[in-house]
Amino acid sequence: MAKVTRDDVARLAGTSTAVVSYVINNGPRPVAPATRERVLAAIKELGYRPDRVAQAMASRRTDLIGLIIPDARQPFFGEMAHAVEQAASERGKMVLVGNTDYIGEREVHYLRAFLGMRVSGLILVSHALNDLAAAEIDAWDARVVLLHERPEAIDDVAVVTDDLGGAQLAVRHLLEHGHPYVACMGGTADTPAVGDPVSDHVEGWKRAMEEAGLPTEGRLFEAPYNRYDAYRVGLEILAGPQRPPAIFCSTDDQAIGLLRAARELRIDVPGELAVAGFDDIKEAALADPPLTTVASDRSAMARAAVDLVLDDGLRVPGSRRERLKTFPSRLLVRQSCGCS
């Protein structure tokens, strides 16, 4: 059976091959609804399948978006990756995902691999972008949108949450319950001081404490972002001689680990310890007790990142339009803080 070509589709639909291309690629020029329907009907009748490899070779770009994240095993990044995939699908794109495990060399590996595949663009969730990775992006003149984090090494378009303001909301709420102070479970020693959400969460905690006239010295605890290591840190904090009355955790995963530690030590939450987190991962609502946390619209952020990375004006020299798109944070009050 002869291979069906774009010419065959155009002939059956009574139009040109260029119009068939516009329908298949959803642009760049608009197609009248009636013509579009004729083309789609012809494609279905003939069983035409576009040759994506040939298209990529001709345009020097694929229908792929590269997404580089620290660790998809962490619920927050897994949910973010899913949101990006859904948003990309709405634009007729597929997503390649690379996990860096917070290792700079692995980040460079995925940058080179994805850019070598001629992806339409890169969405980068980078813990601490190093100079080599930044140089790789510049060398390829790549379309890059930063998501969730904004490392100092590059000044590309970024889509972020109001992390600082969200942390302040959570800490103020805990203080409104009458606690003498709120401790903070922050990041680790290698957490970047600038551009990292956890650093902003810690800064928001400090500002809320200072607003209330409370000292922060000795009340900030280092902890990895995941629940398993946070659980071990939580055991040390809660078993210590000066157990905090309330703790704000920089991530929900940390908070879930802390809740497990409290349960193991038979510490009542929220009766003896109030807890709040940040991120509103799906498990937060099912925690025991349900976790008070800070949320942002991840779906809207993912859609904005996809729209920006596919924007033809993204790499126009001197273009500063919407270099930083910040989504608001909101407090989700549940039971771990002491509210009924």
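The rules behind the values
- Residues numbered from 1 in each chain as written.
- Predicted model: local features only at pLDDT ≥ 70, side-chain atom pairs only at ≥ 80, totals over all residues.
- Heavy atoms only, no water.
- Phe/Tyr/Trp six-rings, centres within 6.5 Å; stacked < 30°, edge-to-face > 60°.
- Helix = DSSP H or I, 4+ residues; strand = E, 2+ residues; numbered from the N terminus.
- Buried < 20%, exposed > 50% of the residue type's maximum accessible area, 1.4 Å probe, protein only.
- Lys NZ or Arg CZ within 6 Å of the ring centre and 35° of its normal.
- Pairing = 2+ DSSP bridges.
- Axes fitted to C-alpha atoms, helices over the stretch in contact; angles between N-to-C directions.
- Contact = heavy atoms within 4.5 Å.
- Parallel < 35°, antiparallel > 145°, perpendicular 65-115°, else oblique.
- Left-handed = near helix turned anticlockwise from the far one by under 90°.
- Polar contact = N/O pair within 3.5 Å; in protein donor to acceptor, adjacent residues only side chain to side chain.

**A look at the packing of aromatic side chains**
Then, number 1: Applying the stated criterion across every chain yields a total of three aromatic pairs.
Then, number 2: Their ring planes at 40 degrees and their centres at 5.6 Å tell us that Tyr110 and Phe114 sit as a pair that is tilted. One end of the pair is Tyr110 and the other is Phe114, both in helix H6 (residues 104-116) and four residues apart, which spans about a single turn.
Then, number 3: Relative accessible area serves as the criterion here: at 5%, Phe114 is assigned to the buried category.
Then, number 4: The ring of Tyr181 has Arg219 sitting right over it, with the charged end atom 3.8 Å from the ring centre.

**Let's talk about the sheet that holds strand S11 (residues 324-327)**
Then, number 1: Pairing is parallel in the open sheet, where six strands are placed in the order S2-S1-S3-S4-S5-S11. Two strands lie at the open edges of the sheet, namely strand S2 (94-99) and S11, each paired on one side alone. Taking the axes of each pair of neighbouring strands and ignoring which way they run, one obtains an average angle of 20 degrees across the sheet.
Then, number 2: Bridging between strand S1 (residues 64-69) and strand S3 (residues 121-124) involves four bridges; their strand directions are parallel. When the sheet's bridge partners are listed, Leu67 is paired in S3 with Ile123.
Then, number 3: Of the strands in this sheet, S1, S2, S3 and strand S4 (144-147) touch helix H5 (residues 75-90), which is tilted by about 170 degrees from S1.

**Considering the packing of H5 against helix H12 (residues 298-309)**
Then, number 1: Running from N to C, H5 and H12 cross one another at 50 degrees; their axes reach a closest spacing of 8 Å. Relative to H12, H5 is oriented oblique. Between H5 and H12 lies a crossing of right-handed hand. For the pair formed by H5 and H12, the contact residues are Phe76, Glu79, Met80, Ala83, Val84, Ala87, Ala88 and Glu90 on the first element and Arg298, Ser299, Ala302, Arg303 and Val306 on the second.

**A few points about the side chain of Asn226**
Then, number 1: By the element assignment, Asn226 lies in the loop between strand S7 (220-221) and helix H10 (227-239).
Then, number 2: Classification of Asn226 by relative accessible area gives buried; the value is 18%.
Then, number 3: Among the polar contacts listed, one links the side chain of Asn226 to the backbone nitrogen of Tyr228, at a separation of 3.1 Å.
Then, number 4: Apart from residues lying up to four places away in sequence, Asn226 is in contact with Gln74 and Asp253.

**Re the sheet that holds strand S6 (residues 183-185)**
Paired through their backbone hydrogen bonds, the strands of a sheet run either parallel or antiparallel.
Then, number 1: Ordered in space as S7-S6-S8-S9, the four strands form an open sheet in which the pairing is parallel. In this open sheet, the two strands that pair with only one neighbour each are S7 and strand S9 (274-276).
Then, number 2: As defined by bridge partners, S6 adjoins S7 across two bridges and the pair is classed as parallel. When the sheet's bridge partners are listed, Met185 is paired in S7 with Phe221.
Then, number 3: Here helix H11 (residues 252-264) sits on the sheet and contacts S6, strand S8 (246-249) and S9; the angle it forms with S8, its principal contact strand, is near 145 degrees.

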